[in-house]
Amino acid sequence: MESKKRVDIVSIKVVKDYSIQYSPRKVSNPRDAYKLFERFLLDIDREKFLVACFNTKNEPVNISVVSVGTLNSSLVHPREVMKTAILSNSNSIMIAHNHPSGSLEPSTEDKNITDRLIKVCEILGIKLLDHIIIGTKDNYFSFKENLLI
């Protein structure tokens, strides 16, 4: 007699932890993106990588922490970035992380993950709007502004 295997039946959903007020409602440029992310990425002692999901009007729907790393690195996999985007039915996403050193120069790893995410987003039909690196207050680097996206 063949043994049976139990298969779990599951449902998957995004669970809201809390919400914040954000103005303006729409993200129209890298400065708006910086303002969206700054409260999560300024003045922390290690790298943190976030993804913001957007609707068709470029309004942020949610923000999720993808990774919390060390002083100078953060392990990021496209699967973890896209999980929230897919579950949120996102039209587009924007990614951001901080450099605790204050340096705005994108590392080779920063460029590599951005390139990988561009490809993944293209396959999934979710647009990658920008990748923002936050250094210090009012100090950021936009991949889009610098023609890297």
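Everything below is about the structure printed above this text.
In what follows, the accompanying structure is described.

Counting its regular elements, the chain contains three helices and five strands. Each helix and strand of the chain, placed in order from N terminus to C terminus, yields the pattern α-β-β-α-β-α-β-β. Along the first, second and third principal axes, the C-alpha atoms of the chain reach 65 × 35 × 30 Å. Expressed as a percentage of the 149 residues in the chain, the buried residues total 42%. Within the chain, residue pairs in contact and separated by at least 24 positions form 63% of the contacts whose partners lie at least 6 positions apart. Surface summary for the chain: the accessible area is close to 9700 Å², and the carbon and sulfur share equals 50%.

The next point concerns the pairing of strand β1 (residues 48-54). Counting buried residues in β1 gives six out of seven residues, a clear majority hidden from the surface. Taken together, the seven bridges between β1 and strand β2 (residues 60-68) define a ladder with antiparallel strand orientation. By the bridge assignment for β2, F49 is matched with S67. Counted between consecutive antiparallel strands, the loop separating β1 from β2 contains five residues, among which N58 sits at a positive phi close to 60°. Note that β1 and strand β3 (residues 92-98) share six bridges and pair antiparallel.

With that out of the way, let us pick up helix α1 (residues 30-41). Taking burial as the measure, the twelve residues of α1 include nine buried ones, the bulk of the element. Among all positions in α1, only P30, D32, A33, Y34, L36, F37, E38, F40 and L41 are buried. The elements touched by buried residues of α1 are β1, β2, β3, β4 (127-134) and β5 (140-142). N-capping of α1 is provided by N29, with a side-chain oxygen placed 3.0 Å from the backbone N of R31.

Mapped onto the fold, S64 is located in strand β2. For S64, the side chain forms a polar contact with the side chain of T84, separated by 3.4 Å.

The next thing to look at is unusual backbone geometry. Peptide bonds are, in most cases, trans, and in most cases residues other than glycine have a negative phi. Even without a glycine there, the phi angle at D43 is positive, about 55°. Look at D43 and you get exposed, because its relative accessible area is 79%.

Conventions used here
Residues numbered from 1 in each chain as written. Predicted model: local features only at pLDDT ≥ 70, side-chain atom pairs only at ≥ 80, totals over all residues. Heavy atoms only, no water. Helix = DSSP H or I, 4+ residues; strand = E, 2+ residues; numbered from the N terminus. Buried < 20%, exposed > 50% of the residue type's maximum accessible area, 1.4 Å probe, protein only. Contact = heavy atoms within 4.5 Å. Areas by Shrake-Rupley, 256 points an atom, 1.4 Å probe, with all protein chains shown as cover. Pairing = 2+ DSSP bridges. Polar contact = N/O pair within 3.5 Å; in protein donor to acceptor, adjacent residues only side chain to side chain.

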